[in-house]
Amino acid sequence: MDSQQTVVLSILFGSCILLILTPMVFKKRTKWTFDAHNKHVYITGGSQGTGLALAKRLARQGAHVTIVARSVSKLESATAEIGGCVASGSGNEQLVKYQSADLRNAKEAARALADAEKAMGKKVDYVFLCAGGAKPGLFAEQTAEDLQQEMEKDYLTAAFTAHAAVQSFLKHPHPAACRLVFVSSICGIMGLTGYAGYAAAKFAVRGLAESLRMELLMYGIRVHIFFPGTIYSPGFEEENKTKPAITKLLEESDEGVTPDKAAEILVRGIEREEYAIACDLTGNLIRSLTKGATPANRTILDGLYACVGWFALSIWRRNADKVMVGERHRMAAART
């Protein structure tokens, strides 16, 4: 082993030790200001999966909840579930309502939010943009329509509702009390075979969130973005119907979470005033390594995450590339 290799391994070992010790020594001290009690929470994609789990969690905290999706039957069922979670003795009569809308349409997105405020008799305070879903497939085999639908479903649904929400926030009695929360994906910070269309849309969501995080500081409005990995939801079951075998192979070591756990992690991150929120260690390594100019959650810890991520992800990438080259050889052999 040469001296350069020794130095690299020493840095990696030291970083791992510090990664373990830093949370105990440099724990972030933040005054938590997120409080859902008596707030009007507006959740797109709230009829199932993470959106529904989030709605139920915030209802337990005393929030008035409006969920938005297209299917009325799913909305009615979800509204009943959320209604069963309202906080007992919360001191306010909690309301749970729904709006049916196609959020891929800008006018529909604006109409749904305005109608929600009218029905609730209260301006929206917190907006969670959970609507979306992946339709995996190899890029060469997807159609132009597939790519367009991914952008509409995962980017425009977020962008149009975010635009309507900001217009509302600026008319809010207390704009600085408002929050805008984007749900992207781990594919919004790292591309992966089989997710070209989805990753492009989720990267776009990231770009929108980063721009708004800075711009909305003018009004005191806070922005957050969530980068979950696999969530065992109805959406995950749907995406598995078209997911290529090679993508499943690359994902086989990924340990997912339930919608309830994802909602818990998201809310905890917001309570800690984290701008970018990840689900697990892998997510935090990728988030820290690709954070650009966005705020760190814990400066020193994020630096260590980035250092470890530089090594770990380089190893992962080499192994993933080998899998893809192996697939190329397999396909070539199958043709002969």
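Our subject is the structure that appears above.
Keep in mind it's a predicted model, so treat the numbers as computed, not measured.

Draft legend 1. Inspection of a nonpolar patch on the surface at higher detail. Taken together, the side chains of Leu 170, Met 218 and Tyr 219 present a nonpolar region at the surface, about 310 Å² in accessible area. For Tyr 219, the position within the fold is in the loop between helix H6 (196–215) and strand E6 (222–227). Taking the relative accessible area as the measure of exposure, Tyr 219 reaches 36% and is therefore partly exposed.

Draft legend 2. Representation of the packing of helix H5 (residues 144–169) against H6 in the model. Interaxial distance between H5 and H6 falls to 8 Å at its minimum, and their mutual angle equals 20°. Relative to H6, the element H5 lies roughly parallel. With respect to the hand of their crossing, H5 and H6 are arranged in right-handed fashion. Residues Leu 147, Glu 150, Met 151, Asp 154, Tyr 155, Ala 158 and Ala 159 of H5 form the contact with H6, whose own contacting residues are Gly 197, Tyr 198, Ala 200, Ala 201, Lys 202, Ala 204, Val 205 and Leu 208. Taken together, the residues of the contact of H5 with H6 sort by class into 11 nonpolar, one polar and three charged.

Draft legend 3. Representation of unusual backbone geometry in the model. Of note, the phi angle at Asn 38 is positive, near 65°, even though the residue is not glycine. Looking at the element boundaries, Asn 38 is found in the loop between helix H1 (3–25) and strand E1 (40–44). Given the relative accessible area of 34%, Asn 38 is considered partly exposed. With a phi close to 60°, Glu 273 is a non-glycine residue in the positive phi region. You can see Glu 273 is positioned in the loop between helix H9 (259–271) and strand E7 (276–278).

Thresholds, definitions, all that
Residues numbered from 1 in each chain as written. Predicted model: local features only at pLDDT ≥ 70, side-chain atom pairs only at ≥ 80, totals over all residues. Heavy atoms only, no water. Patch = residues over 30% accessible without salt bridge, like charges linked within 9 Å, V, L, I, M, F, W, Y side chains within 5 Å. Areas by Shrake-Rupley, 256 points an atom, 1.4 Å probe, with all protein chains shown as cover. Salt bridge = Lys/Arg side-chain N within 4 Å of Asp/Glu carboxyl O. Helix = DSSP H or I, 4+ residues; strand = E, 2+ residues; numbered from the N terminus. Buried < 20%, exposed > 50% of the residue type's maximum accessible area, 1.4 Å probe, protein only. Axes fitted to C-alpha atoms, helices over the stretch in contact; angles between N-to-C directions. Parallel < 35°, antiparallel > 145°, perpendicular 65-115°, else oblique. Left-handed = near helix turned anticlockwise from the far one by under 90°. Contact = heavy atoms within 4.5 Å. Nonpolar A, V, L, I, M, F, W, Y, C, P; charged D, E, K, R; others polar.

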